[in-house]
Amino acid sequence: MQAILYKIPGQEWRWLGGMTLLERNLRLLSRLGVEKALILHPPHDRMPPLMVPRPLTIEVVRSSLEIATADPLTILPALREEVDKPFFLLDVNLLVDPRVLDTIAKQPPPCFI
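Here is a short report on the structure shown in this document. (Residues numbered from 1 in each chain as written. Predicted model: local features only at pLDDT ≥ 70, side-chain atom pairs only at ≥ 80, totals over all residues. Heavy atoms only, no water.)

## Brief notes about the side chain of Arg27
Note the following rule: A run of H or I in DSSP counts as a helix once it spans at least four residues, and a run of E counts as a strand once it spans at least two, with each numbered from the N terminus. For this analysis, residues touch if any pair of their heavy atoms sits within 4.5 Å.
Mapped onto the secondary structure, Arg27 falls in helix H1 (residues 21–31). Beyond its immediate chain neighbours, meaning those up to four positions away, Arg27 contacts Val52, Arg54, Pro55 and Leu56.

## Concerning the environment of Ile58
Here is the rule: Note on exposure labels: buried denotes an accessible area under 20% of the residue type's maximum, exposed denotes more than 50%, and partly exposed covers the range between, all computed with a 1.4 Å probe on protein chains only.
Structurally, the position occupied by Ile58 is in the loop between strand S4 (36–40) and strand S5 (59–63). Owing to a relative accessible area of 8%, Ile58 belongs among the buried residues under this scheme. Along the primary structure Ile58 and Pro9 are separated by 49 residues, whereas in three dimensions their C-alpha atoms are 25 Å apart. Ile58 has contacts with Leu26, Leu29, Ser30, Val34, Glu35, Lys36 and Ala37, leaving out every residue within four places of it along the chain.

## Considering the pattern of salt bridges
Which entries qualify depends on this criterion: Any carboxyl oxygen of Asp or Glu that lies within 4 Å of a side-chain nitrogen of Lys or Arg is treated as forming a salt bridge with it.
Under the definition given, this model contains five salt bridges. One salt bridge in this structure joins Glu23 and Arg27, with 3.1 Å as the shortest N-O distance. You can see Glu23 and its partner Arg27 sitting in helix H1, four residues apart, about one turn around the helix. There is no split in this pair, since Glu23 and Arg27 are both buried. For Arg99, the salt bridge identified is with Asp97, shortest N-O distance 2.4 Å.

## Section: the nonpolar core
Threshold: In these notes, a set of buried Ala, Val, Leu, Ile, Met, Phe, Trp, Tyr and Cys residues joined through side-chain atoms within 4.5 Å is what counts as a nonpolar core.
With 18 residues, the main nonpolar core has Leu5, Leu22, Leu29 and Phe88 as its most contacted residues. If you list the elements that add at least two residues to this core, you get strand S1 (2–6), H1, S4, strand S6 (87–91) and helix H2 (98–105). The element best represented in this core is H1, accounting for four residues. Leaving out residues up to four positions away in the same chain, Phe88 has contacts with Met1, Gln2, Ala3, Ile4, Leu29, Leu32, Val34, Leu101, Ile104 and Ala105. Within the second largest apolar cluster, nine residues are counted, among which are Ile4, Ile67, Ile75 and Leu79.

## Notes on the pairing of S1
Regular strands place side chains that alternate from one sheet face to the opposite one. Applied cut-off: Strands qualify as paired when DSSP identifies two bridges or more between them.
Counting buried residues in S1 gives five out of five residues, a clear majority hidden from the surface. Covered by surrounding structure in S1 are Gln2, Ile4 and Tyr6 together with Ala3 and Leu5, the residues of both alternating faces. Two elements, S1 and S4, share five bridges in a ladder whose sense is parallel. Note on S4: the bridge partner recorded for Leu5 is Ile39. As defined by bridge partners, S1 adjoins S6 across five bridges and the pair is classed as parallel. For Ala3, the partnering residue across the bridge sits in S6 and is Phe88.

This is how it looks when you write it as structure tokens:
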């Protein structure tokens, strides 16, 4: 399984408990068996460092594709080459309950919240 996490221009990187919500989501996705996460963020925004000194067992790939609107589904056609498995599509700043991710992972695609 794969994940796409996106940040819309103008959004701040949100922090919770000493780490960004991006890092929290990456760690939750890793526990679910997600192998690769594609991070889409505006080129002028630097991705914040991972703060927790535990290894992250997920491949993190940054992409030059930028979501220019508030509707992240508009980017999906451009991702055809990069995504070849069922995937999660999340805002980087989404605070997700791990039980919700676990439930969604067990559903047949497509599944939206």
